[in-house]
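So you can see what is in the structure, the chains are spelled out below.
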Amino acid sequence: TAAGMLAARGAVVISADAAGHQVLESGGAAVAAVADRWPQAMRDGRVDRSVLAEVVFEDAAALAELEAITHPLIADLLAERMAAASGPLIVLEIPVLRDGVGPAWPVVVVDAPDDVRRRRLEGRGMDPADVGRRMALQPSREEWLAVADYVVDNGGDLNTLAAECDRLWSVLGLG
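Presented here is an overview of the structure given in this document. (Residues numbered from 1 in each chain as written. Predicted model: local features only at pLDDT ≥ 70, side-chain atom pairs only at ≥ 80, totals over all residues. Heavy atoms only, no water.)

## Re the overall build of the protein
In step 1: Assigned secondary structure in the protein consists of nine helices and six strands.
In step 2: Its C-alpha atoms give the protein a radius of gyration of 17 Å, within 12% of the compact-globule value 16 Å for 175 residues.
In step 3: Along the first, second and third principal axes, the C-alpha set of the protein runs to 50 × 35 × 25 Å.
In step 4: Here the protein holds 175 residues, and 30% of them are scored as buried.
In step 5: Split by element, the accessible area of the protein, about 10000 Å² in all, is 52% carbon and sulfur.
In step 6: Here the protein contributes 16 positively and 27 negatively charged side chains, and the mean placements of these two sets differ by 3 Å. (Helix = DSSP H or I, 4+ residues; strand = E, 2+ residues; numbered from the N terminus. Rg over C-alpha atoms; globule rule 2.2 N^0.38 Å. Buried < 20%, exposed > 50% of the residue type's maximum accessible area, 1.4 Å probe, protein only. Areas by Shrake-Rupley, 256 points an atom, 1.4 Å probe, with all protein chains shown as cover. Lys, Arg positive; Asp, Glu negative; His and termini not counted. Charge placed at Lys NZ, Arg CZ, Asp CG, Glu CD.)

Laid out in C-alpha coordinates, this is it:
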(Lines give C-alpha, C1' and ligand atoms only; values in the text may rest on other atoms or scores of the structure.)
Protein backbone atom coordinates (compact mmCIF):
# COMPACT_ATOMS: atom_id res chain seq x y z
CA THR A 1 0.00 0.00 0.00
CA ALA A 2 2.82 2.39 0.87
CA ALA A 3 4.60 1.57 -2.40
CA GLY A 4 1.38 2.35 -4.28
CA MET A 5 1.09 5.67 -2.48
CA LEU A 6 4.67 6.52 -3.41
CA ALA A 7 3.99 5.50 -7.02
CA ALA A 8 1.03 7.89 -7.06
CA ARG A 9 3.50 10.65 -6.10
CA GLY A 10 5.77 9.78 -9.04
CA ALA A 11 8.04 7.01 -7.74
CA VAL A 12 8.92 4.03 -9.89
CA VAL A 13 8.15 0.88 -7.87
CA ILE A 14 9.99 -2.34 -8.62
CA SER A 15 8.56 -5.29 -6.71
CA ALA A 16 10.61 -8.32 -5.73
CA ASP A 17 7.35 -10.12 -4.98
CA ALA A 18 6.12 -9.52 -8.55
CA ALA A 19 9.45 -10.79 -9.88
CA GLY A 20 9.09 -13.85 -7.65
CA HIS A 21 5.66 -14.52 -9.11
CA GLN A 22 7.02 -14.07 -12.63
CA VAL A 23 9.76 -16.70 -12.27
CA LEU A 24 7.13 -19.19 -11.04
CA GLU A 25 4.44 -18.38 -13.64
CA SER A 26 3.82 -20.72 -16.53
CA GLY A 27 6.97 -20.59 -18.67
CA GLY A 28 8.89 -18.80 -15.89
CA ALA A 29 12.60 -19.33 -15.42
CA ALA A 30 12.20 -21.36 -12.19
CA VAL A 31 9.33 -23.64 -13.23
CA ALA A 32 11.40 -26.55 -14.56
CA ALA A 33 13.62 -26.68 -11.48
CA VAL A 34 10.62 -26.46 -9.14
CA ALA A 35 8.81 -29.18 -11.10
CA ASP A 36 11.87 -31.45 -10.83
CA ARG A 37 12.25 -30.88 -7.08
CA TRP A 38 8.58 -30.65 -6.02
CA PRO A 39 6.40 -32.38 -8.63
CA GLN A 40 3.52 -32.41 -6.12
CA ALA A 41 3.39 -28.60 -6.43
CA MET A 42 2.60 -28.76 -10.15
CA ARG A 43 -0.95 -28.44 -11.52
CA ASP A 44 -1.55 -28.53 -15.27
CA GLY A 45 2.03 -27.47 -16.02
CA ARG A 46 1.93 -24.59 -13.56
CA VAL A 47 3.36 -24.15 -10.08
CA ASP A 48 0.58 -24.23 -7.51
CA ARG A 49 2.01 -21.62 -5.16
CA SER A 50 -0.25 -22.62 -2.26
CA VAL A 51 0.92 -26.26 -2.42
CA LEU A 52 4.54 -25.16 -2.76
CA ALA A 53 4.11 -22.84 0.25
CA GLU A 54 2.71 -25.69 2.35
CA VAL A 55 5.80 -27.76 1.56
CA VAL A 56 8.52 -25.16 2.02
CA PHE A 57 7.11 -23.27 5.00
CA GLU A 58 7.09 -26.53 6.97
CA ASP A 59 10.70 -27.39 6.12
CA ALA A 60 13.58 -24.92 6.47
CA ALA A 61 15.82 -26.99 4.19
CA ALA A 62 13.16 -27.04 1.47
CA LEU A 63 12.71 -23.29 1.80
CA ALA A 64 16.46 -22.83 1.42
CA GLU A 65 16.37 -25.02 -1.72
CA LEU A 66 13.54 -22.96 -3.19
CA GLU A 67 15.37 -19.73 -2.42
CA ALA A 68 18.53 -21.11 -4.04
CA ILE A 69 16.49 -21.70 -7.20
CA THR A 70 14.43 -18.51 -7.26
CA HIS A 71 16.52 -15.78 -5.63
CA PRO A 72 19.25 -15.57 -8.32
CA LEU A 73 16.53 -15.40 -11.01
CA ILE A 74 14.63 -12.75 -9.07
CA ALA A 75 17.84 -10.76 -8.53
CA ASP A 76 18.48 -10.80 -12.29
CA LEU A 77 14.97 -9.50 -13.03
CA LEU A 78 15.30 -6.77 -10.40
CA ALA A 79 18.68 -5.69 -11.78
CA GLU A 80 17.20 -5.42 -15.28
CA ARG A 81 14.25 -3.40 -14.02
CA MET A 82 16.40 -1.09 -11.91
CA ALA A 83 18.76 -0.47 -14.84
CA ALA A 84 15.80 0.50 -17.03
CA ALA A 85 14.06 2.66 -14.40
CA SER A 86 14.14 6.43 -14.22
CA GLY A 87 12.21 8.87 -12.10
CA PRO A 88 12.50 11.09 -9.06
CA LEU A 89 12.53 8.05 -6.77
CA ILE A 90 13.04 4.37 -7.47
CA VAL A 91 11.53 2.10 -4.84
CA LEU A 92 12.76 -1.48 -4.67
CA GLU A 93 10.03 -3.20 -2.70
CA ILE A 94 11.49 -6.28 -1.00
CA PRO A 95 9.88 -8.52 1.62
CA VAL A 96 13.13 -9.82 3.14
CA LEU A 97 16.47 -8.35 4.15
CA ARG A 98 18.99 -8.63 1.36
CA ASP A 99 22.54 -7.49 0.78
CA GLY A 100 23.55 -6.02 -2.54
CA VAL A 101 20.86 -3.41 -3.08
CA GLY A 102 23.56 -0.79 -3.10
CA PRO A 103 25.33 1.10 -0.36
CA ALA A 104 24.10 4.48 -1.62
CA TRP A 105 20.46 3.43 -1.48
CA PRO A 106 18.64 4.54 1.64
CA VAL A 107 16.60 1.83 3.30
CA VAL A 108 12.99 2.73 4.03
CA VAL A 109 11.16 0.32 6.29
CA VAL A 110 7.36 0.38 6.33
CA ASP A 111 6.67 -0.67 9.88
CA ALA A 112 3.66 -1.95 11.76
CA PRO A 113 3.44 -3.82 15.06
CA ASP A 114 3.30 -7.59 14.70
CA ASP A 115 -0.24 -7.80 16.04
CA VAL A 116 -1.41 -5.29 13.40
CA ARG A 117 0.36 -7.22 10.64
CA ARG A 118 -1.16 -10.48 11.87
CA ARG A 119 -4.67 -9.00 12.07
CA ARG A 120 -4.40 -7.56 8.54
CA LEU A 121 -3.21 -10.84 7.03
CA GLU A 122 -5.91 -12.83 8.79
CA GLY A 123 -8.43 -10.21 7.62
CA ARG A 124 -7.37 -11.02 4.04
CA GLY A 125 -8.29 -14.65 4.64
CA MET A 126 -4.94 -16.16 5.60
CA ASP A 127 -5.06 -19.03 8.07
CA PRO A 128 -3.77 -17.85 11.48
CA ALA A 129 -1.34 -20.77 11.72
CA ASP A 130 0.02 -19.98 8.24
CA VAL A 131 0.44 -16.32 9.22
CA GLY A 132 2.44 -17.37 12.27
CA ARG A 133 4.67 -19.75 10.27
CA ARG A 134 5.42 -17.14 7.63
CA MET A 135 6.10 -14.39 10.15
CA ALA A 136 8.47 -16.70 12.04
CA LEU A 137 10.52 -17.19 8.86
CA GLN A 138 10.78 -13.47 8.14
CA PRO A 139 13.18 -11.01 9.74
CA SER A 140 11.81 -9.65 12.99
CA ARG A 141 10.49 -6.14 13.33
CA GLU A 142 13.61 -5.29 15.33
CA GLU A 143 15.88 -6.59 12.53
CA TRP A 144 14.05 -4.43 9.98
CA LEU A 145 14.21 -1.34 12.16
CA ALA A 146 17.93 -1.89 12.76
CA VAL A 147 18.69 -1.48 9.03
CA ALA A 148 16.30 1.42 8.42
CA ASP A 149 17.48 4.83 7.35
CA TYR A 150 13.85 5.98 7.34
CA VAL A 151 10.76 4.46 8.94
CA VAL A 152 7.23 4.86 7.61
CA ASP A 153 4.67 4.12 10.32
CA ASN A 154 1.97 1.80 8.98
CA GLY A 155 0.36 0.97 12.30
CA GLY A 156 -2.66 3.17 11.75
CA ASP A 157 -5.26 3.81 9.06
CA LEU A 158 -4.79 4.71 5.39
CA ASN A 159 -4.91 8.46 6.05
CA THR A 160 -2.07 8.12 8.55
CA LEU A 161 -0.07 6.05 6.06
CA ALA A 162 -0.66 8.66 3.35
CA ALA A 163 0.62 11.37 5.69
CA GLU A 164 3.68 9.22 6.45
CA CYS A 165 4.35 8.82 2.71
CA ASP A 166 4.03 12.59 2.26
CA ARG A 167 6.50 13.09 5.11
CA LEU A 168 8.98 10.63 3.52
CA TRP A 169 8.62 12.29 0.11
CA SER A 170 9.44 15.63 1.73
CA VAL A 171 12.32 14.29 3.84
CA LEU A 172 13.87 12.81 0.69
CA GLY A 173 13.72 16.29 -0.87
CA LEU A 174 11.11 15.39 -3.47
CA GLY A 175 8.26 17.63 -2.48
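We are not done yet, so read on.
## Regarding the pattern of salt bridges
In step 1: According to the stated counting rule, one finds nine salt bridges in the structure shown.
In step 2: A salt bridge links Asp130 to Arg134; the nearest nitrogen and oxygen atoms lie 3.1 Å apart. Here Asp130 pairs with Arg134, and both are found in helix α7 (residues 128–137), just four residues apart, close to one helical turn.
In step 3: Overall, Arg134 belongs to the partly exposed group, its relative accessible area being 28%.
In step 4: Counted as one network, the salt bridges with shared partners bring together Glu58, Asp130, Arg133 and Arg134. (Salt bridge = Lys/Arg side-chain N within 4 Å of Asp/Glu carboxyl O.)

## Overview of the nonpolar core
In step 1: Leu24, Val34, Trp38, Val47, Leu52, Val56 and Leu78 are the most contacted members of the largest nonpolar core, which has 23 residues in total.
In step 2: Contributions of two or more residues to this core are made by α2 (16–24), α3 (31–37), α4 (49–56) and α5 (60–84).
In step 3: With six residues, α5 is the largest single contributor of residues to this core.
In step 4: Contacts of Leu24, omitting those with residues within four sequence positions, involve Ala30, Val31, Val34, Val47, Arg49, Leu52 and Thr70.
In step 5: Core analysis: the second largest hydrophobic core is formed by eleven residues, Leu6, Ala11, Leu89 and Cys165 among them. (Core = buried A, V, L, I, M, F, W, Y, C linked by side-chain atoms within 4.5 Å. Contact = heavy atoms within 4.5 Å.)

## Observations concerning the environment of Asp17
In step 1: Here Asp17 is to be found in helix α2.
In step 2: Considering only alpha carbons, one finds Asp17 and Glu93, 76 residues apart in sequence, at a separation of 7.8 Å.

## Structural notes on the packing of α2 against α5
In step 1: As a packed pair, α2 and α5 sit with axes 9 Å apart at the nearest point and diverge in direction by 120°. One finds that α2 runs oblique with respect to α5. Viewed along their axes, α2 and α5 form a crossing whose handedness is right-handed. Packed against α2, whose contacting residues are Ala16, Ala19, Gly20, Gln22, Val23 and Leu24, the element α5 presents Thr70, Leu73, Ile74, Leu77, Leu78 and Arg81 at the interface.
In step 2: A per-class count over the contact of α2 with α5 returns eight nonpolar, three polar and one charged. (Axes fitted to C-alpha atoms, helices over the stretch in contact; angles between N-to-C directions. Parallel < 35°, antiparallel > 145°, perpendicular 65-115°, else oblique. Left-handed = near helix turned anticlockwise from the far one by under 90°. Nonpolar A, V, L, I, M, F, W, Y, C, P; charged D, E, K, R; others polar.)

## Concerning the side chain of Ser15
In step 1: Tracing the backbone shows Ser15 in strand β1 (residues 12–15).
In step 2: According to the relative accessible area criterion, Ser15 is buried, its value standing at 17%.
In step 3: A polar contact is formed between the side chain of Ser15 and the backbone nitrogen of Ala18, at a distance of 3.0 Å.
In step 4: Once residues within four sequence positions are removed from consideration, Ser15 is found in contact with Leu78, Arg81 and Glu93. (Polar contact = N/O pair within 3.5 Å; in protein donor to acceptor, adjacent residues only side chain to side chain.)

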